[in-house]
Amino acid sequence: MACSSIFSCSCIIAGIATLASHGIMGTTPLNMVGSDSKEYFALPLLAEILTLMLDLIVTLCTESIGFVHGISLCSALASESRLRFNTNLRLLTAARGWYNPNGTLFNGISTVLLIISYSSPSLIVFMELQYELTGPDGIVQDFESVAIAGLPLLVLGVALLLQVMIAFSAMRAVKILTWSSSPFDLTAALVHHTQLTPAAFRCMRCVSDLDVYGGPAKPPETQPSAWHAHPSIRKVVIFLWVIVAACAGWAALVMYISTPFSAGSGSVLQTWSLLHNPDGPWMIYYLPSASLEAWILLFVNIAGVQGPLTLALHCSELIANVIRDERQWRCATRRQGLRVATNPLKPIFTHPLCLVLFIAKPFLHWMFGLSFDIYKYAENGTVDGFMIIMYTAQVRTRYLELMHCALILACFFTFVALRRPCGPQPAAYGHLQTLANLVDEWSPVMWWGHKEDGIPYCHAGTSDHPLPDVKMDCVYAGSGAGSLVALS
């Protein structure tokens with residue numbers, strides 16, 4: 001979170017310096033290039049690369065802030081005896097108290113700040129144009145540069161800094177049980193502080209069996225999916241498909257509107273390119289003249305349209321983290337065993353689902369910015385005004401591309417959420433009470449399997465050494481709650 005604070009403060013300082021030098025519509029050029037230079041035509045590509053880099057930095061900052069905020073939320077929910085799963089929808093799950101940093105009010109503020117953070121990069125990078133008289137004959141030469149707008153940069157810095165302050169306040173407002181993202185460290189801490197009590201005779205009961213009588217059971221051949229185990233996952237999957245439908249609907253709407261009202265010439269195939277192509281058909285949406293009101297309206301337009309995408313990607317974290325928790329638990333039946341005490345950040349950056357989502361966040365936000373062009377050329381250090389230009393031949397394709405990416409993401413997470421793990425090991429999906437029931441012996445490295453024969457019931461549980469497989473024809477009930485050993 002320290003890096004996020006440094007980056008946000010740097011953005012604030014640079015934004016204030018630009019505003020002080022050039023006013024509220026001021027920009028700071030990075031590299032002036034003459035129209036006769038070979039680099040002149042590469043400037044638009046450089047601007048888009050810089051925007052993508054800003055999206056990636058914003059993702060790194062918001063992920064680090066989200067990690068601290070998520071850990072504090074778990075501790076706050078545990079103090080209220082409301083913590084059920086290791087992974088929760090961070091911005092949609094609130095602790096009690098109107099002024100609680102983990103409460104509904106500050107979660108709402110954090111949601112708005114997150115949307116602003118991802119909306120700002122597409123507004124920060126400008127193309128600046130300058131005219132200079134060269135030579136005794138008064139020939140005018142054009143100079144162009146990638147420039148940074150001061151006000152959006154300041155807004156980005158403030159949005160990130162406020163998120164850091166909220167996360168820091170949430171961390172100070174509650175006693176942190178553990179800084180680990182592992183469900184086993186959290187379960188062990190809850191059991192150690194007597195906030196969670198293992199239930200007897202449930203050594204073969206998975207998370208979906210919580211509502212049934214916890215009696216003896218035979219080992220099943222397959223386990224329930226995350227869709228059936230975690231109620232919030234169903235809402236997230238449905239939300240992802242709503243985003244896909246919205247992208248498809250918007251592409252169809254643009255295609256319908258652009259046919260009679262678009263200007264320019266050329267077809268979709270003739271005018272498509274990675275960057276915006278002004279030779280094709282286009283539509284223009286004018287904003288007010290260059291002023292603070294124009295900036296506000298521009299932010300509202302971009303954030304309002306981009307907000308659902310930001311929330312969908314945020315909610316997708318629930319699926320990725322729940323599957324990550326379950327995959328970690330299923331390591332207990334493998335040869336290497338389950339390692340409980342690990343680096344807090346290692347499970348986040350080593351799990352494939354988490355990596356896919358981490359890459360998808362900046363890429364999809366950047367791709368969203370390519371679906372339209374904000375005409376934001378500045379002259380001599382000052383922004384003249386704004387026009388949202390939709391190159392319709394490209395917008396149709398851009399939104400279809402965005403829809404395809406969202407479709408792939410939705411199909412991928414739907415498949416993951418509906419997939420049923422094989423084997424008799426009860427599925428937990430990070431449910432803390434279920435893990436407390438299944439883990440009867442705590443150690444830094446654990447294995448799960450058959451522990452004791454009995455009449456009429458056998459016992460399955462964990463141990464610090466490899467265990468044999470459970471017997472599929474036996475009935476398991478367990479031997480009650482085990483003892484908790486301090487982890488090292």
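All figures in this text were calculated on a predicted structure; none of them were measured in a lab. (Residues numbered from 1 in each chain as written. Predicted model: local features only at pLDDT ≥ 70, side-chain atom pairs only at ≥ 80, totals over all residues. Heavy atoms only, no water.)

Enquirer: Help me understand the packing of aromatic side chains in this model?
Expert: Working definition: an aromatic ring pair is given by the centre-to-centre distance plus the angle between the planes. Under the definition given, this model contains three aromatic pairs. With a centroid separation of 6.0 Å and 35° between ring planes, the pair formed by F184 and W329 is classed as tilted. Taken together, the positions of F184 in helix 6 (residues 183-192) and W329 in helix 10 (residues 292-330) put the pair 145 residues apart, joining distant regions of the chain. Residues F412 and F413 carry aromatic rings whose centres are separated by 5.6 Å and whose planes lie at 70° to one another, so their mutual orientation is edge-to-face. Owing to a relative accessible area of 32%, F412 belongs among the partly exposed residues under this scheme. (Phe/Tyr/Trp six-rings, centres within 6.5 Å; stacked < 30°, edge-to-face > 60°. Helix = DSSP H or I, 4+ residues; strand = E, 2+ residues; numbered from the N terminus. Buried < 20%, exposed > 50% of the residue type's maximum accessible area, 1.4 Å probe, protein only.)

Enquirer: Can you help me understand helix 10 in this one?
Expert: Two residues of an α-helix separated by three or four positions point the same way, owing to the 3.6 residues in each turn. For helix 10, spanning 39 residues, the distance from its first C-alpha to its last is 55 Å, which sits close to the expected 57 Å at 1.5 Å a residue. Taking burial as the measure, the 39 residues of helix 10 include 28 buried ones, the bulk of the element. (Expected span 1.5 Å × (residues − 1).)

Enquirer: Please clarify how the packing of helix 2 (residues 43-79) against helix 3 (residues 104-119) should be interpreted in this entry.
Expert: Packed helix pairs are specified by the crossing angle of their axes together with the interaxial distance, meaning the distance between the axes. Where helix 2 contacts helix 3, the two axes come as close as 10 Å, and the packing angle between them is 165°. Overall, the two elements helix 2 and helix 3 adopt an arrangement that is roughly antiparallel. The two elements helix 2 and helix 3 meet at a crossing, and its hand is left-handed. When helix 2 is examined against helix 3, the residues D55, V58, T59, T62 and H69 are found in contact with a partner set consisting of N107, L114, S117 and Y118. Per-class residue counts for the contact of helix 2 with helix 3 are three nonpolar, five polar and one charged. (Axes fitted to C-alpha atoms, helices over the stretch in contact; angles between N-to-C directions. Parallel < 35°, antiparallel > 145°, perpendicular 65-115°, else oblique. Left-handed = near helix turned anticlockwise from the far one by under 90°. Contact = heavy atoms within 4.5 Å. Nonpolar A, V, L, I, M, F, W, Y, C, P; charged D, E, K, R; others polar.)

Enquirer: Sorry if this is basic, but what is going on with the confidence of the model for the protein chain here?
Expert: Detail in the predicted coordinates should be disregarded across regions flagged by low pLDDT. The share of residues in the protein chain with pLDDT of 70 or more is 77%, and the mean pLDDT across the chain is 81. Across residues 260-274 the pLDDT falls below 50, and counting only partners more than four positions away or on other chains, this stretch makes 35 contacts in the model. Across residues 480-488, confidence stays below pLDDT 50; counting only partners more than four residues off in sequence or on other chains, it has 20 contacts. (pLDDT = per-residue confidence, 0-100.)

Enquirer: When you look at the state of the cysteines in this model, what are you seeing that I'm missing?
Expert: Linking two cysteines covalently through their sulfur atoms gives a disulfide. Summed over all chains, the structure comprises zero disulfides. Just so you know, C11 is unpaired, no disulfide at all, and the nearest cysteine sulfur is the one on C61, 7.9 Å from it. Free cysteine: C474, not disulfide-bonded; nearest cysteine sulfur from C458 at 4.0 Å. (Disulfide = S-S within 2.5 Å.)

Enquirer: Can you help me understand the environment of E63 in this one?
Expert: Inspection of the secondary structure puts E63 in helix 2. Distance from E63 to H314, taken between C-alpha atoms, is 9.9 Å for residues 251 residues apart in sequence. Within the structure, the side chain of E63 is placed 2.5 Å from the side chain of K361, a separation counted as a polar contact. (Polar contact = N/O pair within 3.5 Å; in protein donor to acceptor, adjacent residues only side chain to side chain.)

Enquirer: Is there a simple way to explain the environment of M171 in this structure?
Expert: By the element assignment, M171 lies in helix 5 (residues 150-172). Sequence separation between M171 and N102 is 69 residues; the distance between their C-alpha atoms is 9.1 Å.

Enquirer: Can you help me understand the pairing of strand 11 (residues 445-452) in this one?
Expert: Bridge count for strand 6 (residues 338-339) against strand 11 is two bridges, and the pairing is antiparallel. Bridging from a neighbouring strand, R339 pairs with V445 of strand 11. Here five bridges tie strand 11 to strand 12 (residues 459-463), and the two strands are oriented antiparallel to one another. Across the sheet, the residue bridging to W447 is S463, located in strand 12. The antiparallel pairing of strand 11 with strand 12 creates a hairpin that spans six residues between the two strands. (Pairing = 2+ DSSP bridges.)

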